[in-house]
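Understanding the architecture of this molecule
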Amino acid sequence: MKNVFLAFFSMLFMLPAFSQTDKKARTILDEVSAKTKAYKTIRIEFTYKMENKAQNINDSFKGVLISKGENYKLSFSGQEIFSNGKTVWTYLKDANEVQINNVSREDDSFTPNNLLSSYNENFKAKLLEENSKQQIIELIPVQKKNFNKVRVTIERARKIVGSITIFDKNGSTYTYTVNKFETDLPFTDSMFVFKTGEHPGVEEIDMR
């Protein structure tokens, strides 16, 4: 699950430089990336859907992501993940438990700013389809990944990502549909810090 979310948000926040990319696909992705980087804050409401026909799996849920620089808060399926750029708090509502970790400085760690610069030349991109409303681009990883390809749908008028489908090597597909995309909202830094006092009886597991 973690790797799938990482792949999704990396596409939302950076749409990287690509090797062996057709020129039109590269131009579209560069425009979307530049516009996304210019926002001070972003709030995304999304729907996640995972399907695997061979295993008869069809799951879905909704989530919300807000970000401000390296700060982010991700809410989905009974979990809330907070990060202020230094610390990550993962709160499990049903267990009333919070796990506390330092932010990883590895290249593949999830922070919006890190993702903007850490996936260079890892994909070949091809424009599959376009019409007056949307453009569909397929990304094929150059290096070995746990997925075969990613399909990105871009809203042509607003130049934002409308949906992303990740095709896993095990036959599963993970689709993220952006239901609402808001920018430059007045988020305060305190929104990205877990507040113990607001969760009476919470169990803290400090893994730092």
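Residues numbered from 1 in each chain as written. Predicted model: local features only at pLDDT ≥ 70, side-chain atom pairs only at ≥ 80, totals over all residues. Heavy atoms only, no water.

Points about unusual backbone geometry
- Even without being glycine, N56 reaches a positive phi, approximately 55 degrees.
- Its location among the elements puts N56 in the loop between β1 (42–52) and β2 (57–68).
- Located in the positive-phi region is N96, a residue other than glycine, with phi close to 50 degrees. (Helix = DSSP H or I, 4+ residues; strand = E, 2+ residues; numbered from the N terminus.)

With respect to the nonpolar core
- Grouped together as the largest cluster of nonpolar side chains are 35 residues, with contacts concentrated most on I137 and L139.
- One finds F82, W89, Y91 and V98 within the second-largest nonpolar core, a separate group that totals seven residues. (Core = buried A, V, L, I, M, F, W, Y, C linked by side-chain atoms within 4.5 Å. Buried < 20%, exposed > 50% of the residue type's maximum accessible area, 1.4 Å probe, protein only.)

Some words on the packing of aromatic side chains
- Tallied over the full model, the rule gives nine aromatic pairs.
- Geometrically, the ring pair formed by F46 and Y176 is tilted, given 6.3 Å between the ring centres and 50 degrees between the ring planes. Within this pair, whereas F46 is found in strand β1, its partner Y176 is found in strand β11 (residues 173–183), the two being separated by 130 residues in sequence.
- Using a relative accessible area of 0% as the deciding quantity, one classes F46 as buried.
- Three or more aromatic residues link up through ring pairs in this structure, and these residues are F46, Y48, F61, F76, Y174 and Y176. (Phe/Tyr/Trp six-rings, centres within 6.5 Å; stacked < 30°, edge-to-face > 60°.)

Notes on the confidence of the model for the protein
- The pLDDT averaged across the protein works out to 82; a share of 81% of its residues lies at or above 70.
- Of all the helices and strands in the protein, helix α3 (residues 112–115) carries the lowest mean pLDDT, 39, while strand β12 (residues 203–206) carries the highest, 97.
- This model gives residues 107–120 a pLDDT under 50, and the stretch forms 39 contacts once residues within four places in sequence are excluded. (pLDDT = per-residue confidence, 0-100. Contact = heavy atoms within 4.5 Å.)

A few points about the sheet that holds strand β6 (residues 97–102)
- Taken in spatial order, the 12 strands line up as β7-β8-β9-β10-β11-β1-β2-β3-β4-β5-β6-β12 in an open sheet, and their pairing is mixed. Only two strands of the sheet have a single partner each, and these edge strands are β7 (123–130) and β12. Across the sheet, the axes of successive neighbouring strands diverge by a mean angle of 15 degrees, strand direction being ignored.
- Sheet topology places β7 next to strand β8 (residues 134–141); seven bridges connect them, and they run antiparallel. Within β8, the position partnered with E130 by the bridge is Q135. (Pairing = 2+ DSSP bridges. Axes fitted to C-alpha atoms, helices over the stretch in contact; angles between N-to-C directions.)

A few points about the environment of P200
- Secondary-structure assignment places P200 in the loop between β11 and β12.
- Note: C-alpha distance between P200 and N96 (104 residues apart in sequence) is 8.7 Å.

Structural notes on the pairing of strand β5 (residues 87–92)
- With five of six residues buried, β5 is to be regarded as a mostly interior element.
- In this structure, strand β4 (residues 79–83) lies alongside β5, joined through five bridges in antiparallel fashion. Paired with S83 across the bridge in β5 is V88.
- Count of turn residues in the β4/β5 antiparallel hairpin: three residues, of which G85 carries a positive phi of about 95 degrees.
- As paired elements, β5 and β6 share six bridges and run antiparallel to each other.

A word on the pattern of salt bridges
- Within this structure, the stated rule accounts for 13 salt bridges.
- The closest approach of N and O atoms between K24 and E130, which form a salt bridge, is 2.5 Å. Taken as a pair, K24 in helix α2 (residues 23–37) and E130 in strand β7 lie far apart in primary sequence, 106 residues in all.
- On the basis of relative accessibility, which here comes to 43%, the residue K24 falls in the partly exposed class.
- Residue classification places E130 among the partly exposed residues on the basis of a relative accessible area of 30%.
- Salt-bridge contacts for R208 lead to D206; the nearest nitrogen and oxygen are separated by 2.5 Å.
- Among the residues examined, R208 registers a relative accessible area of 53% and is labelled exposed. (Salt bridge = Lys/Arg side-chain N within 4 Å of Asp/Glu carboxyl O.)

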